[in-house]
Amino acid sequence: MIQLNNISKSFEVKAVRIDALKDISLSIEKGEIFGVIGASGAGKSTLIRCVNLLERPDSGQVIIENDDLMSLSSTGLMLKRRKIGMIFQHFNLLSSRTVYGNISFPLELEGKSKEFISQKVLELLRLVGLEDKADVYPANLSGGQKQRVAIARALANDPYILLCDEATSALDPATTKSILKLLKKINKQLDLTILLITHEMDVIKSICDQVAVLDHGELIETGPVESIFANPQETTTKNFIQSSLEVEIPLSFQERLKSAGNPLVEIYLTSNEESIPFIQHLEQQYQVKTNIITAQIDYIGEMKFGVILAELSGEKENVTRSLSFLKEKHSQTKILGYV
Ligand SMILES: Nc1ncnc2c1ncn2[C@@H]1O[C@H](COP(=O)(O)OP(=O)(O)OP(=O)(O)O)[C@@H](O)[C@H]1O
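So, how was this worked out
Residues numbered from 1 in each chain as written. Predicted model: local features only at pLDDT ≥ 70, side-chain atom pairs only at ≥ 80, totals over all residues. Heavy atoms only, no water. UniProt positions renumbered as here; feature names shortened; annotations may be inferred. Helix = DSSP H or I, 4+ residues; strand = E, 2+ residues; numbered from the N terminus. Buried < 20%, exposed > 50% of the residue type's maximum accessible area, 1.4 Å probe, protein only. Contact = heavy atoms within 4.5 Å. Areas by Shrake-Rupley, 256 points an atom, 1.4 Å probe, with all protein chains shown as cover. Lys, Arg positive; Asp, Glu negative; His and termini not counted. Charge placed at Lys NZ, Arg CZ, Asp CG, Glu CD. 1 Å grid on protein atoms, 1.4 Å probe; cavity = no way out; pocket = protein on both sides within 12 Å on 5 of 7 lines; lining within 4 Å. Points joined across faces, edges and corners; volume = space filled by probe spheres on them. Nonpolar A, V, L, I, M, F, W, Y, C, P; charged D, E, K, R; others polar. Salt bridge = Lys/Arg side-chain N within 4 Å of Asp/Glu carboxyl O. Domains from an automatic or database assignment. Buried area = accessible area lost by both parts, 1.4 Å probe. Polar contact = N/O pair within 3.5 Å; in protein donor to acceptor, adjacent residues only side chain to side chain.

As annotated in an unreviewed UniProt entry, the protein chain carries the name Cell division ATP-binding protein FtsE and comes from Sphingobacterium siyangense. Turning to the protein chain, the UniProt annotation filed under Function (unreviewed entry) states: "Part of the ABC transporter FtsEX involved in cellular division. Important for assembly or stability of the septal ring."

Next comes the structure, spelled out in structure tokens:
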């Protein structure tokens, strides 16, 4: 339903050309939550802004519900844009209007009747859980509440798609969770397609069906979230996955770290391969004992991934062989120090 074909976009700043997007092609199906992840400057904002032509690609096609947006007249594009909702990191609410006034605004622009507007706004307020805030001004709302208003406003014209530009980046972790939960609810309840951009793998992990990884304007990897987590191909993708898993060396171990001794290893498990059985393998094959210090294991659907921090002990030569085995099986195994 959304098709980006060979999109390229560059900017010129003081005679220096920046290729923000290089030949990007993406296909997003109806009802999907599609996440685009990338580091700062990767081209995420430019990409999402190309979907509603807030930014006009230099070349390529943006096809939404069978219309090629670049070939629409300005009236055609205006009508199409009404069906593309968008929310932003900093909410972009109208401070001089109440919650009701913000949500009703796009409907007023469309010339809807007062009765229609009042019924629709009430329905949207219920959907986002703000029935009691209709008369409040944005200045008196929390960040999470402001984003709920922005979501309700973006849904006022029953869009085909909701674009989310770092929608949770300005929110604390608990509020982020509640907004992501709301987006998932809306996606299910309205069968609404959502395209979001983020720099946080946790966002992708929590609600996305599909993910695309952008790096320096290039699309380096894309696919169902489970498959990408199970089998990431690119280093950038692996780093994003690792960043969503955090284990810290406990203080007592940090104080004991030295330059030789039993290695303290960090083992990333990012695939469906056996995970815990490696402990048994190290014991049986190399007579090396694995003392798990700390671990974080997570799931996407049935797929397990995580990180284990463990101390390996045994004959020096055997420990070295067991480390080679671990590195071969789990390429991102790292020695953090010795205890
Ligand atoms: N209007 C503009 N004029 C000049 N350069 C721009 C413009 N918009 C984006 N760029 C450049 O294009 C590249 C991609 O920027 P973009 O904002 O799309 O990245 P991003 O992944 O969204 O980054 P961030 O997470 O920091 O917002 C960057 O090098 C940026 O400096």
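Chemist: Just to check I follow, could you spell out the overall build of the protein chain for this structure?
Modeler: Within the protein chain, the regular secondary structure consists of 12 helices and 14 strands. Dimensions along the principal axes, computed over C-alpha positions, put the protein chain at roughly 80 × 45 × 40 Å. In the protein chain, buried positions account for 48% of the 339 residues. Sequence separation of at least 24 residues holds for 69% of the intrachain contacts in the protein chain that already meet a minimum separation of 6. Here the protein chain has roughly 16,400 Å² of accessible surface; of this, 47% comes from carbon and sulfur atoms. In the protein chain, the 37 positive side-chain charges and the 43 negative ones have mean positions that sit 4 Å from each other.

Chemist: How do you make sense of the layout of surface pockets when you look at a structure like this?
Modeler: It is a probe the size of a water molecule, rolled over the atoms, that shows where empty space is left. By volume, the largest pocket amounts to about 590 Å³. Taken together, 17 residues make up the lining of the largest pocket; nearest its centre are R81, R82, I84, M86 and P106. At the level of secondary structure, the elements contributing two or more residues to the lining of the largest pocket comprise α2 (74–81), β6 (84–88), α3 (99–109) and α5 (143–155). Of all the elements, β6 adds the most residues to the lining of the largest pocket, at four residues. When grouped by side-chain class, the residues that make up the lining of the largest pocket number 10 nonpolar, four polar and three charged. Around the second largest pocket, the lining is made up of 14 residues, and of these P173, T176, K177, L180 and D202 lie nearest the centre. Residue assignment for the lining of the second largest pocket shows that the elements contributing at least two residues are α6 (173–190) and α7 (201–207). Here the residues of the lining of the second largest pocket are counted per class, giving five nonpolar, four polar and five charged.

Chemist: How should the pattern of salt bridges be read in this particular structure?
Modeler: According to the stated counting rule, one finds 14 salt bridges in the structure shown. The residue K9 makes a salt bridge to D58 at a minimum N-O spacing of 3.9 Å. You can see K9 sitting in strand β1 (residues 2–13) and its partner D58 sitting in the loop between α1 (44–51) and β4 (59–64), a full 49 residues away along the chain. Judged by its relative accessible area of 11%, K9 falls in the buried class.

Chemist: Even after reading the chapter, I still don't get the domain arrangement of the protein chain, so can you show me in this structure?
Modeler: It is common to give the size of an interface as the accessible area lost on bringing the parts into contact. Annotation of the protein chain at the domain level lists domain 1 (2–236) and domain 2 (245–338). For domain 1 and domain 2, the distance between their C-alpha centroids amounts to 40 Å. Listed by partner, the interface residues are seven residues for domain 1 and eight residues for domain 2. Between domain 1 and domain 2, roughly 630 Å² of surface is buried when both sides are summed, and carbon and sulfur atoms account for 65% of that area. Contact with domain 2 buries area across many residues of domain 1, yet K205, E226 and F229 alone supply 69% of it, more than any other trio. Our enumeration of links across domain 1 and domain 2 arrives at one salt bridge. A salt bridge links K205 to D298, with the shortest nitrogen-to-oxygen separation between them at 2.9 Å. Joining domain 1 to domain 2, the criterion identifies one residue pair in polar contact (both at pLDDT 80 or more). Residue contributions to the side of domain 1 that touches domain 2 peak at four residues, all from helix α8 (residues 225–230).

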